[in-house]
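Report on the structure
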Amino acid sequence: MAEIFDQNQQRAVELTSQYRAVMEQVGRTLWARPEVGLEEYHSAALLIDLFRREGFRVTAGIGGFPTGFVAEFGQGEPVAAILCEYDALPNLSTTNPGANGHGCGHNLFAAAAVGTALVLRDVLKEGTVSGTIRVYGTPGEENYASKAYYVNQGLMDDVDFSVGFHAHDENKVNYTVSAGTLTKSYTFHGKPAHAGNYPWLGNSALDAVELMNVACNYLREHVPTDVRIQYIITKGGDAPNIVPEIAQSLYVVRAACRATMDGVADRVDDCAHAAALATGCTVDIDYVDRTYNTVLLREYAELAQKHLDAVGAPAFTQEELENARQYGDGSGLHQQITPLPWAEGYQGGATDEGDVSWIMPHVSIYVSNVARNTPGHTLQMTAQGNCSAAYTAMETQVKAISTMILDLFEHPQMVEKLKAAHEKKLAGDRYPKNPSYWPDPKAFLNCQGVEISGQEITADFSQLILLPESFSGQVTVEKDGAVAASFTGSGSASSQIPLAEGDSLTVVAVSDDGSRQLIGYWNL
């Protein structure tokens, strides 16, 4: 293992094993309290408090996400981004049927990010290498793509390269392009009428939805083979004996490259306009969400492969190997390192890591946390995310990624070569940033610890999950930047500005030094 590693990198290998208990504690704690995207308040609080205790410079509530954060250690260049996900999925609990569960293994993603950060922190403190590590806490990967918001807002503009982690059934460097996705909502407005007596007096919004679906199904023949067009009908009317006045559908377009995705999405819009025209309806098209395809970099993948090969496959115990045979296809855990493919692959799944990869070199190293051919987003995946083998594999992942980052810190000329290769790969294409790209407050739960009734606002500091420990300052409830109420402790107050139904308010912790942390929203 140590043949290619210098003293700093060998130290990282040793530290990884020492931090296994911490990684397990983080991963198992997140697993035991799974929270879906945009609701990860306890998960974020756990991670934020941990990084603060460990001496990182933490900024919480970033990018308009109460559960988002960045934790930084070190100084100067290069700057490495360590991505960190922690959202769960609905209905995938193995202990409480119908409840949330970590069916995509993001508890392991977060635990590996923590382990890598702590290992690098310790090596940086020894003073033989310099650089800056930033852990980006990224909520809602499954449902809201916070990384795309961070990228658009410029929160990662000064980062030189990034790394990602993910639970997997194979030990390999990811060299597969993930699809870009564009999600839109289509709301058709018709004219209601009695469906039995006077249907000719109405215009059916549902007819428009169905006609759009038919048009898009014919469109499938005329798009590239990597494209997927998917939809559901989210509203089809109120009763079958009423000509539907309003009907809605939700569409997702997937493609291997941004230009194709945008072009097909425009044609889907054309189908919507045509369906509205044909049925005498109108249509409102609302943007919902977007992620971009991943930009793979051969040079970076080869470097990652070099370090994964040097670390070697996970050293599973016999008990771990036997236990894993009850999952997946029954063949157990992958125990080799897969060579880097000669050519890029493609899969139709999507990740907001793709957005990050458009602005900097990015790579992910996967390890066999779960048994071969375990399907993602399943109860099997959830169950294995709490098994010992998942953390044995994680040690391999953290060793490979931390030694690779140290290699780049020690050889900044390598970083510049990666950045030049990234620029060449883009071939003049650019990520279309929108600095005003901001999450919709109405997508979030109302902030626990705050209650608003009429013009009366109540705050309970003991229930404000994201309020920093030993907080000194004020908690303010604000509307469009104006303070409705402020609290230095639990209590009630009348709003200083008029509040009305439909208003969205922000809950902010304002420290004595003037620093501000978004800790929640409240939607009236």
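Report on the accompanying structure. Owing to the predicted nature of the structure, the values given are computational and were not obtained by experimental measurement.

So, about the side chain of T403. Topologically, T403 is positioned in helix α12 (residues 388–410). Residue classification places T403 among the buried positions, given a relative accessible area of 0%. In this view, T403 contacts F5, Q9, A12, V13 and H307; residues no more than four positions away in its chain are not counted.

On to unusual backbone geometry. In this model, E77 is joined to P78 through a cis peptide bond whose omega is 0°. Mapped onto the fold, P78 is located in the loop between β2 (69–75) and β3 (79–84). Phi angles above zero are rare outside glycine, and H377 is one such case at about 60°. Mapped onto the fold, H377 is located in the loop between β12 (362–368) and α11 (379–384).

Before going further, it helps to spend a moment on the pattern of salt bridges. Counted under the stated rule, the structure contains 27 salt bridges. The salt bridge involving K419 is made with D160; its shortest N-O contact spans 2.8 Å. One end of the pair, K419, is in helix α13 (residues 412–426); the other, D160, is in the loop between α5 (146–152) and β5 (161–168), with 259 residues separating them in the sequence. Residue class for D160 comes out buried when judged on its relative accessible area of 7%. Of the charged contacts in the structure, one is a salt bridge between D262 and R258, with a shortest N-O distance of 3.9 Å.

Taken together, seven strands build an open sheet; the order of strands is β1-β2-β4-β3-β5-β12-β6 and the sheet is mixed. Each edge of the open sheet carries a strand with a single partner, namely β1 (57–60) and β6 (172–173). With three bridges connecting them, β3 and β5 associate as parallel partners. Each bridged residue has a counterpart across the sheet, and for A80 the counterpart in β5 is F161. Together, β5, β6 and β12 form the strand contacts of helix α8 (residues 298–311), whose direction differs from that of β12 by roughly 35°.

A contiguous nonpolar patch, built from Y198, W200 and L201 and spanning about 390 Å² of accessible area, is present on the exposed surface. Along the chain, the position of L201 falls in the loop between β7 (176–189) and α6 (205–219).

A few words now on the packing of helix α1 (residues 7–18) against helix α4 (residues 106–125). The contact between α1 and α4 brings their axes to 9 Å, and the two run at 135°. On the basis of the axis angle, α1 is oblique to α4. Viewed along their axes, α1 and α4 form a crossing whose handedness is right-handed. Here N8, R11, A12, L15 and T16 of α1 come into contact with α4, specifically with V119, D122 and V123. Split by residue class, the contact of α1 with α4 holds four nonpolar, two polar and two charged.

As a further point, take the pairing of strand β13 (residues 450–453). Walk down a regular strand and you will see the side chains alternate between the two sheet faces. On β13, burial follows the alternation: V450 and I452 on one face are buried, whereas E451 and S453 on the facing-out side are not. As defined by bridge partners, β13 adjoins strand β14 (residues 456–459) across four bridges and the pair is classed as antiparallel. The partner of V450 across the bridge, within β14, is A459. Remark: two residues form the turn of the hairpin made by β13 and β14, two consecutive strands paired antiparallel; G454 in that turn has positive phi of roughly 65°.

For helix α7 (residues 258–279), built from 22 residues, the straight-helix expectation of 32 Å at 1.5 Å per residue is met to within 8% by its first-to-last C-alpha distance of 32 Å. Every buried residue of α7 is listed here: R258, M261, V264, A265, V268, D269, C271, A272, A275, A276 and T279. Seen along its axis, α7 keeps its buried residues to an arc of 155°; they face one direction. Among the exposed residues of α7, those pointing more than 90 degrees away from its buried face are A259, L277 and A278.

Our next topic: the environment of A272. Structurally, A272 can be placed in helix α7. Between the C-alpha atom of A272 and that of E210, which follows or precedes it by 62 residues, the distance is 9.9 Å. In contact with A272, not counting residues within four places along its chain, are Y186, F188, M212 and V283.

The sheet built from four strands is open, its strands ordered β16-β15-β18-β19 with antiparallel pairing. Either end of the sheet is taken by a strand with one partner, and the two such strands are β16 (482–487) and β19 (516–523). Across the sheet, the axes of successive neighbouring strands diverge by a mean angle of 25°, strand direction being ignored. Sheet topology places strand β15 (residues 473–479) next to β16; five bridges connect them, and they run antiparallel.

Turning our attention to α4. The first and last C-alpha atoms of α4 sit 28 Å apart over 20 residues, in line with the 28 Å expected at 1.5 Å per residue. Most of α4 is tucked away, with 19 of its 20 residues classed as buried. The positive-phi residue at the C-terminal boundary of α4 is G127, with phi of around 80°.

Of note, L406 is situated in helix α12. C-alpha separation for the pair L406 and C257, spaced 149 residues apart in sequence, amounts to 32 Å. Apart from residues lying up to four places away in sequence, L406 is in contact with N8, Q9, A12, L120, V123 and V129.

Definitions and limits used
Numbering of residues begins from 1 in every chain and follows the order in which that chain's sequence is written. Residues qualify for local features only when their pLDDT is at least 70, as the model is predicted, and side-chain atom pairs are given and counted only at 80 or more; totals for whole chains, interfaces and linings, by contrast, use all residues. In computing side-chain values, all of the structure's heavy atoms are included and hydrogens and water are not. Every helix listed is a DSSP run of H or I at least four residues long, and every strand listed is a run of E at least two residues long, numbered separately from the N terminus. Burial classes: relative accessible area under 20% of the type maximum marks a residue as buried, over 50% as exposed, and values in between as partly exposed (1.4 Å probe, protein chains only). We call two residues contacting when some pair of their heavy atoms lies within 4.5 Å. A carboxyl oxygen of Asp or Glu within 4 Å of a side-chain nitrogen of Lys or Arg is what we treat as a salt bridge. Here the rule is simple: two strands pair whenever DSSP picks up at least two bridges between them. Helix axes use the C-alpha atoms of the stretch in contact, all axes being lines fitted to C-alpha atoms, and the angles between their N-to-C directions lie in the range 0 to 180 degrees. A patch consists of residues whose relative accessible area exceeds 30% and which take part in no salt bridge; residues with like charges are grouped when within 9 Å of each other, and nonpolar side chains (Val, Leu, Ile, Met, Phe, Trp, Tyr) when within 5 Å. All accessible areas in this document rest on Shrake-Rupley with a 1.4 Å probe, and a residue is counted as covered only by the protein chains that are shown. Note that the term roughly parallel is reserved for angles under 35 degrees, roughly antiparallel for angles over 145, roughly perpendicular for angles of 65 to 115, and oblique for everything else. What makes a crossing left-handed is the near helix being turned counterclockwise from the far one by less than a right angle; a clockwise turn instead makes it right-handed. Each residue gets one label: Ala, Val, Leu, Ile, Met, Phe, Trp, Tyr, Cys and Pro are nonpolar, Asp, Glu, Lys and Arg are charged, and the others, such as Gly, are polar. Given the number of residues in a helix, its expected span is that number minus one, multiplied by 1.5 Å. Our arc is simply the arc of the directions from the helix axis toward the C-beta atoms.

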